[in-house]
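Chains, contacts and geometry: an overview
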Amino acid sequence: MSLKRNIGDTILAVDQISLSFGGVKALSNISFSVNEHEVFAIIGPNGAGKSSMLNCINGFYHPQEGTITFKGNTRRHVSPSEAAREGIARTFQNIALFKGMTTLDNIMTGRNTKMNKGIFWQALRFGPAEKEEIEHRAVVEKVIDFLEIEAIRKTAVGTLPYGLQKRVELGRALAAEPDLLLLDEPMAGMNIEEKQDMCRFILDVNDEFGTTIVLIEHDMGVVMDISDRVVVLDYGKKLADGTPDEVRNNQAVIDAYLGVAHDDEE
Amino acid sequence: MFYREAGQFKTSYKADQAIFSITQDRFIVGLFLVVAFGVVPFLINDYWANAILIQFLVYAMAALGLNILTGYCGQVSLGTGGFMAVGAYASYKLVTSFPELNFILIILLSGGITAAVGMVFGLPSLRIKGFYLAVATLAAQFFLVWLFNKVGWFFNYSPTGMIVSPPREMFGYLITGAEAQPGARYLFCLSFVTIFALAAKNITRGRIGRSWMAIRDMDIAAELIGIRPLEAKLSAFAVSSFYIGIAGALYFNVWLGTAEPTEAFDINQSFFVLFIVIIGGLGSILGSFLGAAFMVLAPIGIKNLMVGVLGFDVSVAKHVELMMIGTLIILFLIVEPHGMARLWQILKEKLRRWPFPY
């Protein structure tokens, strides 16, 4: 991390979040905060509640207890589309692209919330609607340029290889110009080169657009390398948070990953 | 060799996003329109108008509507016949209640009324998907036909239960009623279909169309990037029903002239339009036309071939025709599950590279 970015105030604060599905406690009393312009990682073994945490942040799950404060608005329940309009974008663990549409259309869809011309103008495709479409196309082209996917602009995404699909999905999230970008295992299933590319894109996004990034990742090398701070979850509980170095040397974290005889406190 | 875009450079997003961005496409479409508007009306006779062209145009319009809902937004509907009935009865009530109202306005208003009805029957789509939604729209089909059969107000208490379209004229030419000239009726339908096909193409290329396709392809992801499912689904139902309502109004007024709900708008209509959309290609405006052409022309072609050329008995020909249509549909779906529009796309790809294989 050569560039010194100016980390700002808290943009997202998660306070005492508890989420359960019937008798299963997916998350219990989780609190952490993410600062502006930070790269923040959530790690933990499988089933620790990492994805559930992201789902709470962008309104897909509604936690039973606790509050989430985003850009000064404190809330517990929000619908996913409202969260998106507030400036939270995300990608998915299993790619969730619109397979029948082209790369361009997929990324353009990311800007849907910013377009507002009515159906009448759109039917005519003339005047305001056309102007709007061209303006947004220009922004989308910048994203395409940034992610180096010019060549597949007009290819249906269903036919693209996995690594490129992941990149298009990132593009769709970026097109919304989010303040907070949630990445759910952006590097899952990639080879080393693709991982390097993805890391580069994530850091560039963070650098150039100042986007705050919260990511879930299993590749510890990547996590320790690119994140400013890390929070560790295990069985829905928070084990630790802090800088990568602090977390790496935390006994509870080492125990959770390597396993110990649980005879004392966690 | 003839279909190649080499040398056609696009220097602006506007040019890149144009509706027909390739010169050859523009030429073909232009040629089609010139022939359809400038030549056909003068050659047309009653047989061509009634049996082929107006039928084709009406079904193309209905298919456009269903394609918006099913092909673009992914909501299966079996209520097309019912919605066509709404358009037809709305136009009948309007034309008999306000005789001096412009006929174009009547058709558009009928579409608007159908859109409102469609939105009501679209409400279940917010909770249910796929087959279950199809069954819910089936309820619309049966309910609407029942309604138009039982409630006298809709058919002005006519003793037969039939509705008859009174003669109306446009620019001095009769377009409905028994005296109407085939050319005028054809042109009236053609104008509607052309304008609304272009509108459909534009809508599906824009923001609203993308939100429909997003809902179709992955509704959860669509919601998470800020698309409101309620808005997207209901707007698809509204626009789709608007088109189907117009198709119903044209079907009744311009093509049939008289209609009786159980026969003209029964479940077979819904299936017929659904077949058109599936064979033509889901999620393709061109597909709606190709499918309508196939479903309307193939039976006539087969019948003419059997009776006229091969000399079969008319009743035998009818049976063979049904069998052949069924077989053709199955063959088509095996060869190209994505419909005729995809075949056309493949052909275009091949033409671009011709005479080289790749």
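What counts and what doesn't
Residues numbered from 1 in each chain as written. Chains lettered and ligands numbered in written order. Predicted model: local features only at pLDDT ≥ 70, side-chain atom pairs only at ≥ 80, totals over all residues. Heavy atoms only, no water. Axes fitted to C-alpha atoms, helices over the stretch in contact; angles between N-to-C directions. Helix = DSSP H or I, 4+ residues; strand = E, 2+ residues; numbered from the N terminus. Parallel < 35°, antiparallel > 145°, perpendicular 65-115°, else oblique. Left-handed = near helix turned anticlockwise from the far one by under 90°. Contact = heavy atoms within 4.5 Å. Nonpolar A, V, L, I, M, F, W, Y, C, P; charged D, E, K, R; others polar. Salt bridge = Lys/Arg side-chain N within 4 Å of Asp/Glu carboxyl O. Buried < 20%, exposed > 50% of the residue type's maximum accessible area, 1.4 Å probe, protein only.

Here we look at the packing of helix 3 (residues 46-72) of chain B against helix 7 (residues 182-205) of chain B
Residue and element names in this part refer to chain B.
- Running from N to C, helix 3 and helix 7 point in directions that differ by 20°, and their axes come no closer than 10 Å. With respect to helix 7, the axis of helix 3 lies roughly parallel. Viewed along their axes, helix 3 and helix 7 form a crossing whose handedness is left-handed. The segment helix 3 lies against helix 7, with Asp46, Ala49, Asn50, Leu53, Ile54, Leu57, Met61, Leu64, Ile68 and Tyr72 engaging Pro182, Arg185, Tyr186, Cys189, Leu190, Phe192, Val193, Phe196, Ala197, Ala200 and Thr204.
- Within the contact of helix 3 with helix 7, the residues separate by chemical class into 17 nonpolar, 2 polar and 2 charged.

A closer look at the packing of helix 5 (residues 103-122) of chain B against helix 7 of chain B
All names here are of chain B.
- Two numbers describe how helix 5 lies on helix 7: the axes approach to 12 Å, and their chain directions differ by 50°. Here helix 5 is positioned oblique relative to helix 7, judged by the angle of their axes. For the pair helix 5 and helix 7, the sense of crossing is right-handed. Residues Phe103, Ile104, Ile107 and Leu108 of helix 5 form the contact with helix 7, whose participating residues are Phe188, Phe192 and Phe196.
- Looking at the contact of helix 5 with helix 7 residue by residue, the class counts come to 7 nonpolar, no polar and no charged.

What to know about the environment of Phe83 of chain B
Residues and elements named next belong to chain B.
- Following the sequence through the fold, Phe83 ends up in helix 4 (residues 80-97).
- Through-space distance from the C-alpha of Phe83 to that of Thr114 is 6.3 Å; in sequence the pair is 31 residues apart.
- Beyond its immediate sequence surroundings of up to four residues, Phe83 is in contact with Ser77, Thr114, Val117, Gly118, Phe121, Ala140, Leu144, Ser241, Ile244 and Gly245.

Here we look at the side chain of Arg210 of chain B
- Tracing the sequence through the fold places Arg210 of chain B in helix 8 (residues 207-217).
- Excluding anything up to four places from it in sequence, Arg210 of chain B contacts Met101, Asp105, Met108, Thr109, Asn112, Met115 and Glu133 of chain A together with Thr204 and Arg205 of chain B.

Digging into the pattern of salt bridges
- By the definition in use, this model includes 22 salt bridges over all chains.
- For Glu86 of chain A, the salt bridge goes to Arg75 of chain A, with nearest N and O atoms at 3.7 Å. In this pair, Glu86 of chain A sits in helix 2 (residues 80-86) while Arg75 of chain A sits in strand 5 (residues 73-75), placing the two residues 11 residues apart along the sequence.
- Since its relative accessible area comes to 24%, Glu86 of chain A is described here as partly exposed.
- Judged by relative accessible area, Arg75 of chain A falls into the buried class, the value being 10%.
- Across the pair Glu133 of chain A and Arg210 of chain B runs a salt bridge, and its minimum N-O distance is 2.9 Å. Placement of Glu133 of chain A in helix 5 (residues 128-146) and of Arg210 of chain B in helix 8 is noted, with the two residues assigned to different chains. Residues Glu133 of chain A and Arg210 of chain B agree in their burial class; the two are buried.

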